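# Coordinate analysis (summary)
Residues per chain are reported as follows:
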Amino acid sequence: MSAVAQPTPLHGPRNGGVAARRAVIRWAGRMFRREWRQQLLVLALLTVAVTAAISSIAIVHHIGPPDNSEFGEANTLLEFDGSDEGKLEAGIAAARKHFGTIDVVARRSVTVPGSVDTIDYRAQDPNGPYGGVLLALRQGRYPARADEVAITDGVAESLR
């Protein structure tokens, strides 16, 4: 068995110096010359994958609900507070004066008794100029008097 009392210090640069860099560059060049087809294939597949991902995200982002899904064929929605009838009538008159043809829809949320669910209660003209496309009569008739309502199947099931 042999032992060295003092390890001998290594002289020269600790990172290998120019010779090591040259050897790594030559090795990389040989690997590239040998495997350039596979590297080109990987690059092409990555390009296709990234292009497909970006395209699908852009397509999904730009597919939205139809323009008339929110408030019919109108292009402006005005909301008025109905607690003061004088202010409400003044607001509707100002909207008629500014926009011309308008379609007034009264709306409020009503809680279902004994539940945390709410129902959207609306008073709307089914033949209105803008909101008529939002309504569909499945059976029966539209309400004709103030004491009549039309309900959806979901509301009928919720209220039993």
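Residues numbered from 1 in each chain as written. Predicted model: local features only at pLDDT ≥ 70, side-chain atom pairs only at ≥ 80, totals over all residues. Heavy atoms only, no water.

All right, on to helix α2 (residues 85-99) then. Across its 15 residues, α2 extends 21 Å between first and last C-alpha, which sits within 8% of the 21 Å expected from 1.5 Å per residue. Taken residue by residue, α2 has Gly91, Ile92 and Ala95 as its buried positions. Take α2 and look down its axis: the buried residues cluster within an arc of 95°, on one side only. Following α2 by one or two positions, Gly100 has its phi on the positive side, about 85°. (Helix = DSSP H or I, 4+ residues; strand = E, 2+ residues; numbered from the N terminus. Expected span 1.5 Å × (residues − 1). Buried < 20%, exposed > 50% of the residue type's maximum accessible area, 1.4 Å probe, protein only. Arc of directions from axis to C-beta.)

Moving on: the pairing of strand β2 (residues 118-124). One ladder, built from 7 bridges, connects strand β1 (residues 105-111) with β2; its direction is antiparallel. Paired with Arg107 across the bridge in β2 is Arg122. Between β1 and β2, which pair antiparallel one after the other, the connecting turn spans 6 residues, and Gly114 there sits at a positive phi close to 75°. (Pairing = 2+ DSSP bridges.)

What follows concerns a negative patch on the surface. Side chains of Asp81, Asp84, Glu85 and Glu89 sit close together on the surface and give a patch of like negative charge. Here Glu89 lies in helix α2. A residue is classified by how much of its surface remains accessible, and Glu89, at 46% relative accessible area, is partly exposed. (Patch = residues over 30% accessible without salt bridge, like charges linked within 9 Å, V, L, I, M, F, W, Y side chains within 5 Å. Areas by Shrake-Rupley, 256 points an atom, 1.4 Å probe, with all protein chains shown as cover. Salt bridge = Lys/Arg side-chain N within 4 Å of Asp/Glu carboxyl O. Lys, Arg positive; Asp, Glu negative; His and termini not counted. Charge placed at Lys NZ, Arg CZ, Asp CG, Glu CD.)

Let us look at the confidence of the model for the protein. Interpretation of this model should avoid reading the predicted coordinates in detail wherever pLDDT is low. With 86% of its residues at a pLDDT of 70 or more, the protein shows a mean pLDDT of 82. For the protein, the element scoring lowest by mean pLDDT is helix α3 (residues 153-159), at 81; helix α1 (residues 17-62) scores highest, at 92. (pLDDT = per-residue confidence, 0-100.)

Here Gln124 shows up in strand β2. When residues no more than four places from it in sequence are discounted, the contact partners of Gln124 are Val105, Gly131, Gly132 and Leu135. (Contact = heavy atoms within 4.5 Å.)

Using the criterion set out here, one finds 3 salt bridges in the structure. Between Arg107 and Asp120 there is a salt bridge; the shortest N-O distance is 3.7 Å. With Arg107 in strand β1 and Asp120 in strand β2, this residue pair connects regions lying 13 residues apart in the sequence. For Asp120, a relative accessible area of 44% puts it in the partly exposed group. The closest approach of N and O atoms between Asp147 and Arg145, which form a salt bridge, is 3.2 Å. Both residues of the pair, Asp147 and Arg145, belong to the exposed class.

Along the chain, Leu135 turns up in the loop between β2 and α3. Taking the C-alpha atoms as reference points, Leu135 and Gln124, 11 residues apart in sequence, are found 9.2 Å from one another. In this view, Leu135 contacts Arg122, Gln124, Asp125, Pro126 and Tyr142; residues no more than four positions away in its chain are not counted.

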